[in-house]
There are 2 protein chains.
Amino acid sequence: MSEATENYSHSPNGESFLLPSPADYEQEWSRLKQLAQIHRERGREIVVVMGVGFVGAVMAGVVADSTNETGSPGKFVIGMQRPSTRSYWKIPYLNRGVAPVEAEDPEVAPMIKRCVLDKKTLTATFSYDALSLADVVVVDVQCDYHKETLGDVRKGHAAIGALEKSLKVIGEKIDPRCLVLIETTVPPGTTEYVAFPIVKKAFEQRGLDDAEPLLAHSFERVMPGRNYVSSIRDFWRVCSGINDVARDKVVKFLSEILNVKKFPLTVLDRPIESETCKIVENSYRAATLAFLDEWSVFAERNGVDITKVVEAIKIRPTHSNMIFPGPGIGGYCLPKDGGLGVWAYQTLMGFDDDLFKITPMSIDINDTRALRPPQLVRDALRNMGKIVPVSRIAVLGVSYRQDVGDTRYSGSEIIVRKLVEMGGEVVVHDPYVKHWWEFEKQDTYPAPGHSWKRFFRNQDDLVDLRVETDLAVALEAVDAVVLAVRHSAYLNLNPDEVVGMTGRPVAVIDCFGILNDDQISRYFELGCEVKGLGRGHVKRLKDKVRSQVK
Amino acid sequence: MSEATENYSHSPNGESFLLPSPADYEQEWSRLKQLAQIHRERGREIVVVMGVGFVGAVMAGVVADSTNETGSPGKFVIGMQRPSTRSYWKIPYLNRGVAPVEAEDPEVAPMIKRCVLDKKTLTATFSYDALSLADVVVVDVQCDYHKETLGDVRKGHAAIGALEKSLKVIGEKIDPRCLVLIETTVPPGTTEYVAFPIVKKAFEQRGLDDAEPLLAHSFERVMPGRNYVSSIRDFWRVCSGINDVARDKVVKFLSEILNVKKFPLTVLDRPIESETCKIVENSYRAATLAFLDEWSVFAERNGVDITKVVEAIKIRPTHSNMIFPGPGIGGYCLPKDGGLGVWAYQTLMGFDDDLFKITPMSIDINDTRALRPPQLVRDALRNMGKIVPVSRIAVLGVSYRQDVGDTRYSGSEIIVRKLVEMGGEVVVHDPYVKHWWEFEKQDTYPAPGHSWKRFFRNQDDLVDLRVETDLAVALEAVDAVVLAVRHSAYLNLNPDEVVGMTGRPVAVIDCFGILNDDQISRYFELGCEVKGLGRGHVKRLKDKVRSQVK
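Here is what the cut-offs are and how they apply
- Residues numbered from 1 in each chain as written.
- Chains lettered and ligands numbered in written order.
- Predicted model: local features only at pLDDT ≥ 70, side-chain atom pairs only at ≥ 80, totals over all residues.
- Heavy atoms only, no water.
- Pairing = 2+ DSSP bridges.
- Helix = DSSP H or I, 4+ residues; strand = E, 2+ residues; numbered from the N terminus.
- Contact = heavy atoms within 4.5 Å.
- Buried area = accessible area lost by both parts, 1.4 Å probe.
- Salt bridge = Lys/Arg side-chain N within 4 Å of Asp/Glu carboxyl O.
- Polar contact = N/O pair within 3.5 Å; in protein donor to acceptor, adjacent residues only side chain to side chain.
- Expected span 1.5 Å × (residues − 1).
- Buried < 20%, exposed > 50% of the residue type's maximum accessible area, 1.4 Å probe, protein only.
- Core = buried A, V, L, I, M, F, W, Y, C linked by side-chain atoms within 4.5 Å.
- Arc of directions from axis to C-beta.
- Least-squares fit on C-alpha atoms with pLDDT ≥ 70 in both.

Caption draft 1: Representation of the sheet that holds strand β5 (residues 122–125) of chain B within the structure. All names here are of chain B. Read across the open sheet, the 8 strands follow the order β5-β4-β3-β6-β9-β10-β11-β12; overall the sheet is mixed. The sheet is open, and its two edges are formed by β5 and β12 (266–267), each paired on a single side. The pairing of strand β10 (residues 214–219) with strand β11 (residues 238–241) spans 4 bridges and is antiparallel. For histidine 217, the partnering residue across the bridge sits in β11 and is serine 240.

Caption draft 2: Quick peek at the interface of chain A and chain B. Chain A puts 61 residues into the contact, and the matching count from chain B is 61 residues. Here chain A meets chain B over a buried area of about 5800 Å², counting both sides, of which 71% is carbon and sulfur. If you look at where chain A meets chain B, you find 8 salt bridges. Across the pair A:Arg316 and B:Glu281 runs a salt bridge whose closest N-O atoms are separated by 2.6 Å. Between chain A and chain B we count 29 residue pairs in polar contact (both at pLDDT 80 or more) in total. Per-element accounting of the side of chain A that touches chain B gives the leading share, 20 residues, to helix α10 (residues 271–301) of chain A.

Caption draft 3: Representation of helix α6 (residues 161–173) of chain A in the model. When the terminal C-alpha atoms of α6(A) are compared, their 19 Å separation across 13 residues agrees well with the 18 Å that a helix rising 1.5 Å per residue should span. Turning to α6(A), the residues buried within the fold contact β3 (45–50), β6 (136–139), β9 (179–182) and α7 (190–205) of chain A.

Caption draft 4: Geometry of the pattern of salt bridges. Scanning the model with the defined rule gives 92 salt bridges over all chains in all. With a closest N to O distance of 2.8 Å, A:Asp65 and A:Arg114 form a salt bridge. Of this pair, A:Asp65 sits in helix α3 (residues 56–65) while A:Arg114 is found in helix α5 (residues 108–118), placing the two residues 49 residues apart along the sequence. Overall, A:Arg114 belongs to the partly exposed group, its relative accessible area being 29%. The closest approach of N and O atoms between B:Lys147 and B:Asp367, which form a salt bridge, is 2.6 Å. Of this pair, B:Lys147 sits in strand β7 (residues 144–147) while B:Asp367 sits in helix α13 (residues 358–368); the two residues are 220 residues apart in sequence, bridging distant segments of the chain. When its relative accessible area of 8% is taken as the criterion, B:Lys147 is described as buried. Each of A:Asp305, A:Lys308, A:Asp510, A:Asp517 and A:Arg535 takes part in salt bridges that share partners, so that together they form one network.

Caption draft 5: The arrangement of the nonpolar core in detail. Judged by nonpolar contacts, the single largest core of 361 residues is most densely connected at A:Val137, A:Phe253, A:Val416, B:Val137, B:Phe253 and B:Val416. B:Phe253 has contacts with B:Glu45, B:Val47, B:Val63, B:Lys75, B:Val136, B:Val138, B:Leu179 and B:Leu181, leaving out every residue within four places of it along the chain.

Caption draft 6: Representation of helix α18 (residues 495–502) of chain B in the model. Residues and elements named next belong to chain B. What α18 keeps buried is the set Pro495, Val498, Val499 and Thr502. Seen along its axis, α18 keeps its buried residues to an arc of 95°; they face one direction. Looking at the buried residues of α18, the elements they touch are α16 (471–475), β16 (480–483) and α19 (517–525). For α18, the N-terminal cap is asparagine 494; the gap from its side-chain oxygen to the backbone nitrogen of aspartate 496 is 2.7 Å.

Caption draft 7: Summary view of the relation of the copies chain A and chain B. By a simple turn and slide, chain A fits onto chain B: the slide is 0.0 Å along the axis, the RMSD is 0.0 Å, and the turn is 180°. Taken together, these values place the two copies in the relation of a two-fold axis.

Caption draft 8: Inspection of the side chain of B:Thr359 at higher detail. As for its placement among the helices and strands, B:Thr359 is situated in helix α13. Here A:Glu294 takes part through its side chain, which lies 2.5 Å from a polar atom of the side chain of B:Thr359. A polar side-chain atom of B:Thr359 sits 2.9 Å from a polar atom in the side chain of A:Trp295. In this structure, B:Thr359 is in contact with A:Phe291, A:Glu294, A:Trp295, B:Ser283 and B:Gly338, ignoring residues within four places of it in sequence.

Caption draft 9: Broad picture of the pairing of β5(B). Residues and elements named next belong to chain B. Burial of the side chains of β5 extends over both faces: Leu122 and Ala124 are buried on one face and Thr123 and Thr125 on the other. The sheet contact formed by strand β4 (residues 75–80) and β5 spans 4 bridges and is parallel. Within β5, the position partnered with isoleucine 78 by the bridge is threonine 123.

By themselves, these are just geometric observations and shouldn't be taken as functional.
As structure tokens, this is what we get:
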């Protein structure tokens, strides 16, 4: 890359923004000071949200949109983002009133627009100087977990460096009475074992020897989808502070911005308790999902339709959260949070025993589950006298969850990469995904590391894999169709229409209990092969169709 | 034992019953024939329930108590039990109108009495001849899982012999049009791979070569406690039949005896699907409980109170079934059902891979969790300058679940056996348990195998361990108190009263999140030591009390 290119940040829509120069910083500082003064005069607290990514951008909006008991805004929010080529574009976007995240929730865009342009309670900046103006800093800097291999989460580490750097800057800049609320999902112990010494030391270097950093932790329970804003604002929160002052401050702050009347706060004694809470919560979910993997395979091998079994069990209120896992468990949190827990136990707390069993095993099971659909593709094609390397395979659905466009760690990514590794030609379709970032040339956004690429061979052909939005185009002349996500558009696909689009009998692989028995039987009548994760009963349906044909 | 003694069956209350002689069988056959004729003339179906144990006795009552659309009884029920010294007493008990099972549910005793003495729709017999009168046979013969070691459920096998014997007799006796409903929790595949060939062969030996056995499977979802009857009658059922006739018959039968209007039946295609359903359902529960074990230890070691974390997580509807596991997971089902599944996969289906991971691991974790409270007793006593071998330790609560008297595979049993193995003197208390069968001299009832005894040394002293019902007597002069079960009587025990009863400061071990922080602090003020499963915050409370004392 030329130096000129390096000085620009490109938005997902291809717009380019020149990174700020030293002169820009001076001007920005004046602007922020002036804004802070105006809002303080109106009795507003200054809240800096560090990191305007997936969570931070919407959190900034929720805080800026909140009102005090008289119905007026009580907070002025400065969204802060380091001016990297990867992320700088978010700042001008926000300052135009445009949300820098894509969301299925129709509340996101108008909320950001309203706060920036109408209420004027939200601005964005690239300058750390904003921190010195803050009454509250909300830290939404990502803490990833980097795996070194696929299927062994113990081999990996928490990527806590960005968070540590942010905390150092915070310690260097903030007023010591400022509340620092860490909202990032972190390894348990981070607030006390990592953040406290960093900020304390920075305070000491500023001569603030007696100042106790007012650190707090409170995790979000964000759920991508149509209720994204609501999942931040109108949902139960857990919080904690490192001392009594911090605890009181975080309770007060959250009570002012969230719907705590309907969703009361849970206040825990120590930050490690709320940090642990988040990890246990997501690890529990990962474990309940991983549990079904072995029974799914048992079902496939022994004539059981596991999806009907799951429905029969879910009817019990005590078992209603059972979910058929589909082709792997993606999303940003579930594949990593347990890893942060195990890492903390060994690294921050210094234990060397193998205490953790189900937590890491669940992640390993979930991470490798998506290797199974390619096996079913292989077996179904073989029944039709074909092999993967000379076949064209359509994967329908590339996001990690039904009816959202979030592709992070999706099972479909592994399905595609594995099929390509096996020599197949893959086309993909998804009504919600315009860019499948994990396969884009520019591996600079939305974030590095969110890809399984490094664990597979033959991935070079996948550069610029385009997500087809026309189903008929995606299905044309394919040998196999993988139904990978329960998007509503896929639930009632008519077998006759599908075979009309493919132009010939195909192998159909159902990864998610998408096909009902009538559809499966119809595919067999049309000469197709059908296999599915956990769907051991398809052989019975096939035999029935074949015997009727005779 | 003398021969005379061998001919008697002793009830739990010590009453003795002479086993039936050959002449008794003739007389019994006349009685049953006559009864069947009377009830058939009234348009009633004859239902034989094989095995009147924990499930069968109450199932027999539910069927006998059911009414047809005109409000009259539609079934005459014969409860059948092999006349062994262990179980024969149940027959005369039932025929007096007395339930042969102890239950906290106030509905059990009057239902049995009503059906036997008033409605006269229920009788009990020791004679297999009853089978030849049946329109429906409900099989409630136990199928245990025998473990060969503690903490490795893979080392063990399904004790399917009793069930096989029963099925052989059924095949020899029943009318081939009789529906055989297997209600026992069995290894998946049992109805098709085990029961079908046995009954089919018996039919052939009777010259009934063309008769297809009408086998069905439908599992109960019984929950010991105050809603025991309701958990059989008023709850969702899953069923399946081996062919269309059997499936139709089982749907009709269950619809006539259960509250299917409010709790609709789920009908699955094949028996293996409903058999698998039960195993997956209970294995899921076992897994969700086992999951918390590692986090409970993490919490203990790192200053986290896991019980508060669990409460903070349970508030989410998707996580509301999270349960703090206490000292191990007992009850008849959860410690064994996953074992039946793994055994079936390897034995009936003949696979040799290690497909199953979370299912057996969860049982192993749950089975060994109760070894931890004795460690906490040891550590707490050490803090007080004592060791286990010269200490007297009270264990409060011996059943496997709060506010019930069912002691099968309870965590408390392992706690007691381990403390004794370590040389401690143990006294036990439970308001719901009169006889702790696992420790009784007569190891003949309620069932063999329901004891962890064989995995511990030094258990001879425990013969006739008496369950103390007076708390003051149990606590007198003890060095340690283990709060093992969340019985309501233990939830609000006042620390001052407890120390008043012990007569000195003691080690208090909380296995089940029973103590609140005020109680813990008060114990410390009284000079006691407190430790608890997952309660890593006690050290903070202790330090606070100690610093205030200074």
